[in-house]
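Listed below are the residues making up each chain.
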Amino acid sequence: MKKSSIFGIIVIAIAIAVIISTYGSSSTYGSFTEAKQSQSDLHVIGYLDKQKELYYDAHKDANYFSFYMKDKKGTESKVVFTGTKPQDFERSEQIVLVGRMVGNEFHASHIQMKCPSKYTQDKVEVTEADAKQGSI
Amino acid sequence: MSFPLGQLLFFLTVCSVVFTVICYYLGNKKPDSNNIKWLKRFNISFYITTAIVLIFCYVLFYGIKASATPTVVYLGENLTPKNLGQFFIILAFASALFSTISYFLATIKTNQFELKWLWMGRIGYFVNSISVVGIGTCLFYIIYNHLFEYHYAWEHSSRTLPVYYIISSFWEGQEGSFWLWGFWQAVLGNILIWKAKSWEKPVLTVIALAQTLLSSMLLGIDIFGQRIGSSPFILLREALEAPIFSRPEYLSFIKDGNGLNPLLQNYWMVIHPPTLFLGFASMVVPFAYAIAGLWTKRYKEWVQPAISYSLFAVMVLGTGVIMGSLWAYESLNFGGFWAWDPVENAALIPWLTLIGAVHVLIVYKNTGHSYFTATFLTLISFILVLYASFLTRSGILGDTSVHAFTDLGMFWHLVIDVAIFFGIALALIILRWKELPISKKEEETYSREFWMFVGAVFLALSCLQLIVVTSIPVWNAMFKTHIAPPTNPVTLYNVFQAGFAVVVTLLAGITQFLKYKKTDTTRFFITSVIYLVFSAVITGLIVYITGLYHLRFVFVLVMFGAIYSLMANAKVLADVFKGKIKLAGSAVAHIGFGLIMVGALIAAGTSKVISQNDTLEYGADFAKGNNPHENIMLYKNEPQKMGDYMVTYFGDSVKAPNHYFKVDYKRLDANGKVVEEFTLKPNSQANRKMGLVSSPDTKHYLFHDLYTHVSMAPIKYDDEMQGDAGHGEENDDANYNPPVPHEVKVGDTIPFREGYIILQSLNKEAHVQNIPMGANDVAVGAELKIISHGKTYDAEPVFMVKNGSVFDFARKVDDAGLKLRLSKIIPDKSKVEITVYDQPESKKAYIVMRAIEFPYINFLWTGTIIMVIGFLLSIFRRNKELKSA
């Protein structure tokens, strides 16, 4: 076989591996119920329950923030985030969490929230927070 | 303008276009006596068509403006820059289109008006350049003079903004950044008109086409109900809908603009976008040469000039990307310099492919191999620039990036932009496929060209991985799926990119020991193996010292590759001094790249959060889940141990809109002696729009950095900062613990939770500001010295008898969390009563902060500078070759 053909096959193999791995590593959007059954991290989209307490007390623990969220199917769960409370969290319209269920609490490693813009009508602003510094 | 006129003009436009095309067709059909006649008719009708189109556009724009303007006459608006600017926008678009067509006709040598068309093309391009400058001037005038009737000025600037940040607000919005891109493309086009010689016609056809499409992004006109482009000259009342805009004097209510995003108020934001966009803009030049080469069948000649321009493009784009990461490192709080955000990837993707292209272009020039790969990578790089602008500007990224531009409804416009250039490139490759000088012979295994080719392909593969993952929202839109991005994208990118980096860095070393065509195998094996062993030893040492072995093995391999390419290129550089001066550029650039890899790898891989908080309120269960506790709480003036340091938050300084927190760092040795002391001032802005926006402060050492940022602090909003001292006293006592009275003599000490107070003396002649004292009035001040956490403060509460009534004036020592009253004087015991209010912990000033140590990050920045020098040397070398050729 020619050298270039061998190299071509290697390149195609790597390209396919890249695509498959992307699909494999991609996550799913799920609900709290699915999160309970799942062992791995997943994305949960939902809304903040504004009736229940948002708990963050820097004096007790600067790295503990908890709140209650309803997912799109209406299931509610307590969510714990190890970090500071993101600014304007109360105003959020929609929240995307990345994390997993631990007991009855959902431990989020990443929070992204959409807030209505204070200045421009019909516009939302998106902000996010991570519990952990990105590392390699 | 009435509607029938618009219809008439449209009709005229269509007719004249049809007539022009017919003339052109007849003029070129077959050589007979009528030929010249038709060509002349074509010529004239072309000018007329252009004029009609221009008028059509302008009337259309004014027609819309006229119909949109209600009967209200608004006061105080300055509409001159709008009219002028909008005129320039339309002129820019029309002249670029005119230039494209003229250059196109000049390139296809079918008539004798070739030279005339060339000049028409040039004039069109000059007019476009002048219009682009005109647009910029109008926009700058608007922002600089705070004309908030314009949406752009209102959205992106404010009166308090210093002049140098007005420049950054200029390109904060999409329109401004499109302008910046168009400006650089205009500059590059003019340079090419001057320099490109025989290449001018086809190359400028492509560049003028790119300029036409860029100008169309700014048009902002409605044609048949479809908004084309987005103009920076939209008025506030046109952009937003609110009842206020029905009032003629609405402008008098708009006092100030929205202001510039606090994160962009950084000096890097003045210089980073122009560099980045010069990089993007210069990517069109190699693309244009490749198209020109295929189009005019000068298959081999385009490569040489394309090498120089590609080197320029990768140099500038690379610098721009690194500037962006320096900005992120210095002013963002994600704690690092690279986060694989889609916006970052969008700039990196075309850079990687063009780097690959440069290498195979050189291979083709030297050996005649890899022609297709070189052409493909050159073409795809520019298409990927356009794809990147589609990703970041169309709003398709949606939830996956918080940094992308907002959607301006230009989705299909951007898609068409990508499709046009992709179509042209694809069509030309297919049309010319059989004529392409693709070598039938295989490269030798032990030849430089083969392994450079392999390296370029691996760069393209790493780029493929970035594209596939970053484009997940695009796949969702195309295939109607609902896939979420990876839960830990950073790790995914890091592992994959590291894998490709191992191959690329190793090849960057090995190819230096190989020669073009054929290499002496024995010698190659001996040198490369010696260097491999040598590098392995050094890598082992570095990995051991920095603790890199804690990471995945692939990162150790990247380190090995980077060291190997450093070593091999250092050897080449050493040979340069023996006379092979030509090779200096490539060696220096590769050394720079190696250093970037080493610096990035150690800094990102072994960065350490030193503000790790180990006091766990919520028990071991919570800690077990590998939950990070990266934030530390600091009460004011209470030192706390953090890693090797003793840190104290000891003060604030406010320079609106920024609130600086002074944090003292003391490094102690084993005996508790202070070895080093310094102050860092991270700052925050409590911005109504953005929330708490923090910027870090970093202590730079030669071999590591100490990065500190505030993640939370109870501070005031920036618009509340002024003039509130001394108010809200009524319920002030609620902020303190119940008061404790102490009866003391002069010289006595009063203990409190965080220190003690000494009554030094009584001042019989105390007076209180603004209160005149009568003959029978008495005022006594207690001169107190407060010692708390090693700091000393003074306070003098006053007791007063005025007109027979008793008052006392409390004094606060905020830094010690105290309020002190001289509440009673007991003459018979020669004692006084001092009432002490101390603050409970929860009311005391505090900050929550995070500190990270980045080792060896300076290698990253140094490497960048060295790489740029290497690129410059290479450009000089290639230009010399171009002249001698």
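Keep in mind the model is a prediction, meaning the values are calculated, not measured. (Residues numbered from 1 in each chain as written. Chains lettered and ligands numbered in written order. Predicted model: local features only at pLDDT ≥ 70, side-chain atom pairs only at ≥ 80, totals over all residues. Heavy atoms only, no water.)

Comments concerning the overall build of chain A
Thought 1: Counting secondary structure elements, chain A contains two helices and eight strands.
Thought 2: In sequence order, chain A lays out its α and β elements as α-β-α-β-β-β-β-β-β-β.
Thought 3: Taken over 136 residues, chain A has a buried fraction of 47%. (Helix = DSSP H or I, 4+ residues; strand = E, 2+ residues; numbered from the N terminus. Buried < 20%, exposed > 50% of the residue type's maximum accessible area, 1.4 Å probe, protein only.)

Observations concerning the packing of helix α3 (residues 80–107) of chain B against helix α8 (residues 200–216) of chain B
All names here are of chain B.
Thought 1: Contact pair α3 / α8: the axes reach a minimum separation of 8 Å and the direction vectors enclose 155 degrees. The orientation of α3 with respect to α8, classified from their angle, is roughly antiparallel. As for the relative orientation of α3 and α8, their crossing is left-handed in sense. Note on element contacts: α8 touches α3 through E200, K201, P202, L204, T205, A208, L209, Q211, T212, S215 and S216, opposite A92, F93, A96, L97, S99, T100, Y103, F104, A106 and T107.
Thought 2: Of the residues contributing to the contact of α3 with α8, the split by class is 11 nonpolar, eight polar and two charged. (Axes fitted to C-alpha atoms, helices over the stretch in contact; angles between N-to-C directions. Parallel < 35°, antiparallel > 145°, perpendicular 65-115°, else oblique. Left-handed = near helix turned anticlockwise from the far one by under 90°. Contact = heavy atoms within 4.5 Å. Nonpolar A, V, L, I, M, F, W, Y, C, P; charged D, E, K, R; others polar.)

Observations regarding the packing of aromatic side chains
The way to describe two aromatic rings as a pair is by their centre distance and the angle between their planes.
Residues and elements named next belong to chain B.
Thought 1: Under the criterion given, the structure shown has 59 aromatic pairs over all chains.
Thought 2: Grouped by ring-pair contacts, the aromatic residues F140, Y144, F170, W171, W179, F183 and W184 constitute a single cluster.
Thought 3: Over the ring of W199 we find R298; its NZ or CZ atom is 3.9 Å from the centre of that ring.
Thought 4: Sitting above the plane of the Y837 ring, K819 keeps its charged end 5.1 Å from the centroid. (Phe/Tyr/Trp six-rings, centres within 6.5 Å; stacked < 30°, edge-to-face > 60°. Lys NZ or Arg CZ within 6 Å of the ring centre and 35° of its normal.)

A word on the confidence of the model for chain A
Thought 1: Looking at chain A, the pLDDT average stands at 80 and 85% of residues meet or exceed 70.
Thought 2: Ignoring residues within four places in sequence, the model shows residues 118–123 of chain A, a span with pLDDT below 50, making 15 contacts including any to other chains. (pLDDT = per-residue confidence, 0-100.)

Comments concerning the sheet that holds strand β14 (residues 740–744) of chain B
All names here are of chain B.
Thought 1: Taken in spatial order, the four strands line up as β14-β23-β22-β21 in an open sheet, and their pairing is antiparallel. The sheet is open, and its two edges are formed by β14 and β21 (811–813), each paired on a single side. Averaged over all adjacent pairs, the angle separating strand axes in this sheet is 30 degrees, with direction ignored.
Thought 2: As defined by bridge partners, β21 adjoins strand β22 (residues 818–826) across three bridges and the pair is classed as antiparallel. Within β22, the position partnered with V813 by the bridge is L818. (Pairing = 2+ DSSP bridges.)

Re the nonpolar core
Residue and element names in this part refer to chain B.
Thought 1: In terms of nonpolar packing, the biggest core is built from 186 residues, with W181, V203, F287, Y289, W302 and F382 touching the most fellow members.
Thought 2: Among the elements that line this core, the one with the most residues is helix α12 (residues 303–331), at 16 residues.
Thought 3: Apart from residues lying up to four places away in sequence, Y289 is in contact with L192, A196, W199, V203, W302, P305, A306 and Y309.
Thought 4: Residues V554, I591, M597 and L601 belong to the second largest nonpolar core, which totals 28 residues. (Core = buried A, V, L, I, M, F, W, Y, C linked by side-chain atoms within 4.5 Å.)

Concerning the pairing of strand β20 (residues 805–809) of chain B
Residue and element names in this part refer to chain B.
Thought 1: As paired elements, strand β19 (residues 798–802) and β20 share five bridges and run antiparallel to each other. Across the sheet, the residue bridging to K802 is S805, located in β20.
Thought 2: Counting the residues that bridge the hairpin from β19 to β20 gives two residues, and of these N803 lies at a positive phi of roughly 50 degrees.

Comments concerning helix α4 (residues 114–144) of chain B
Thought 1: Relative to the 45 Å expected for 31 residues at 1.5 Å per residue, α4 of chain B spans 45 Å between its end C-alpha atoms, a close match to the ideal helical length.
Thought 2: Positive phi appears at H146 of chain B, one or two residues downstream of α4 of chain B, with a value of about 50 degrees. (Expected span 1.5 Å × (residues − 1).)

Some remarks on the pairing of strand β9 (residues 674–680) of chain B
Strand residues, when the strand is regular, have side chains that alternate between the two faces of the sheet.
Residue and element names in this part refer to chain B.
Thought 1: Relative to β9, strand β8 (residues 658–668) is paired through six bridges, and the arrangement is antiparallel. Paired with D664 across the two strands is T679, which belongs to β9.
Thought 2: Between the end of β8 and the start of β9, which pair antiparallel, lie five residues, with G672 showing a positive phi angle near 80 degrees.

Focus: the environment of G455 of chain B
All names here are of chain B.
Thought 1: Secondary-structure assignment places G455 in helix α16 (residues 448–470).
Thought 2: According to the relative accessible area criterion, G455 is buried, its value standing at 10%.
Thought 3: Taking the C-alpha atoms as reference points, G455 and G356, 99 residues apart in sequence, are found 7.4 Å from one another.
Thought 4: The contacts of G455, once residues within four sequence positions are left out, are V504 and L507.

Regarding the environment of H359 of chain B
Residues and elements named next belong to chain B.
Thought 1: As for its position among the elements, H359 is in helix α13 (residues 342–367).
Thought 2: The class of H359 is partly exposed, set by a relative accessible area of 22%.
Thought 3: Apart from the residues within four sequence positions on either side, H359 is in contact with M452 and H590.

What to know about unusual backbone geometry
All names here are of chain B.
Thought 1: One non-glycine residue, S370, lies in the positive phi region at around 60 degrees.
Thought 2: By secondary structure assignment, the location of S370 is in the loop between α13 and α14 (371–393).
Thought 3: Of the residues examined, S370 reaches a relative accessible area of 10% and is grouped as buried.

Digging into the pattern of salt bridges
Thought 1: Going through the model one piece at a time under the given rule, you end up with 24 salt bridges over all chains.
Thought 2: Taking the shortest distance from any N to any O, the salt bridge between K52 of chain A and E76 of chain A comes out at 2.7 Å. Of the two residues, K52 of chain A sits in the loop between β2 (42–48) and β3 (55–56) while E76 of chain A sits in strand β5 (residues 76–81), which places them 24 residues apart along the sequence.
Thought 3: Residue R753 of chain B pairs with D838 of chain B through a salt bridge whose shortest N-O separation is 3.7 Å. A residue pair is termed long-range when its members are at least 10 positions apart, and R753 of chain B in the loop between β15 (749–752) and β16 (755–763) and D838 of chain B in strand β23 (residues 831–838) qualify at 85 residues. (Salt bridge = Lys/Arg side-chain N within 4 Å of Asp/Glu carboxyl O.)

Some thoughts on helix α20 (residues 553–576) of chain B
Thought 1: Helix length check: α20 of chain B (24 residues) gives 35 Å between terminal C-alpha atoms against 34 Å at 1.5 Å per residue, within 8%.
Thought 2: Counting buried positions over the 24 residues of α20 of chain B gives 18, a clear majority of the element.

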